[in-house]
Amino acid sequence: MLLAVDTSTQTMGLALYDGAQALAEAYWRTKTHHTVELAPAVHDLMAKCGIPPSALQAVACALGPGSFTSLRIGLAFAKGLAFSLNVPLLGISTFEFLVAAQPLLDFPLVAVLPAGRGRLATGWYRNLDDKWQPDGEICIMSAEELSASITQKTWICGEFDAEERQVLSRKYKNAVLASPALCVRHPAMMAELAWNRWKSGESDEPVSLSPIYLHLAEAIPD
């Protein structure tokens, strides 16, 4: 049994996965209450499924990009749980499991996450060998700057608000916005990616594992 934890942004998520099925998945919008909500939410989800902590064989955590503070909270919790249970820890890029759930297309994809102060963390991808592959470095820009950078038909997915969606939708000829449902980050997808890594013999060193911070000097809490 693997527990996946995502605290990348104000949207938090959890999943329980055993290789054959995703037994449970939960995601919700928090109000900078990651610290007080995370542990009780994990306890409740496992209790509802009748799964004791001793049944966990691995723990996965989203590494970002995302909020400086919320990422630290999630990773600290995941590390503590992995240490206490003596089980492997696996870190998964937040963009990786967001993008893995998107349809494969013959034109580029850009994934976005809030980066504070009205900015968006953006990652570009292209379909290579029937898989979304990164195409360049993750960068920070506003919705207006992202819109201006789109010069060809592009699939846009991720966490953005109604105003940002409106800005991006103005470029309707090239900007193809994923529906709100497809923009949800599914922790079950992160759990599946982590499970596959673990089963192939991979894991991360808990002491050295760290979040993906962008513009660390400018990072702000949720």
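Residues numbered from 1 in each chain as written. Predicted model: local features only at pLDDT ≥ 70, side-chain atom pairs only at ≥ 80, totals over all residues. Heavy atoms only, no water.

Engineer: Mind laying out the pairing of strand β4 (residues 58-62), listing which residues take part and the relevant values?
Structural biologist: Among the 5 residues of β4, 5 are classified as buried, and the element is accordingly described as predominantly covered. Where burial is concerned, the two faces of β4 agree: the one with Ala58, Ala60 and Ala62 and the one with Val59 and Cys61 are both buried. The pairing of strand β1 (residues 2-6) with β4 spans 4 bridges and is classified as parallel. Bridge pairing in β4 links valine 5 to cysteine 61. Where β4 lies against strand β5 (residues 89-92), 4 bridges are found, and the strand directions are parallel. Across the sheet, residue alanine 60 finds its bridge partner in β5, namely leucine 90. Each parallel crossover has a hand, and for β4 linked through helix α2 (residues 68-85) to β5 it is right-handed. (Buried < 20%, exposed > 50% of the residue type's maximum accessible area, 1.4 Å probe, protein only. Helix = DSSP H or I, 4+ residues; strand = E, 2+ residues; numbered from the N terminus. Pairing = 2+ DSSP bridges. Right-handed = clockwise from strand over helix to strand, strands pointing away.)

Engineer: Lay out the packing of aromatic side chains with the relevant residues and their values.
Structural biologist: Both the distance between ring centres and the angle between the ring planes are used here to describe each pair of aromatic rings. Tallied over the full model, the rule gives 3 aromatic pairs. Between phenylalanine 68 and tyrosine 213 the ring centres are 4.7 Å apart and the planes differ by 35°, which places this aromatic pair in the tilted class. Residue phenylalanine 68 is located in helix α2, and its partner tyrosine 213 is located in the segment after α6 (187-199); the two are separated by 145 residues in the primary sequence. Phenylalanine 68 gets classed as partly exposed once you look at its relative accessible area, which sits at 21%. Members of the aromatic cluster, joined through ring pairs, are Tyr17, Trp195 and Trp198. (Phe/Tyr/Trp six-rings, centres within 6.5 Å; stacked < 30°, edge-to-face > 60°.)

Engineer: Please give an account of the pairing of strand β3 (residues 22-29) that cites residues and values.
Structural biologist: Taken together, the 7 bridges between strand β2 (residues 11-17) and β3 define a ladder with antiparallel strand orientation. Its bridge partner being in β3, leucine 16 is matched across the sheet by alanine 24. Counting the residues in the hairpin turn of β2 and β3 gives 4 residues, including glycine 19, whose phi is positive at 95°.

Engineer: Can you tell me about the environment of alanine 62, naming the residues and giving the values?
Structural biologist: Counting through the fold element by element, alanine 62 comes out in strand β4. Counting along the chain gives 34 residues from alanine 62 to glutamate 96, while the straight-line C-alpha distance between them is 9.4 Å. The residues touching alanine 62, leaving out its near neighbours within four places in the chain, are Val5, Asp6, Ser8, Leu71, Ile92, Thr94, Phe97 and Met190. (Contact = heavy atoms within 4.5 Å.)

Note that all results are geometric; they support no functional claim without further evidence.
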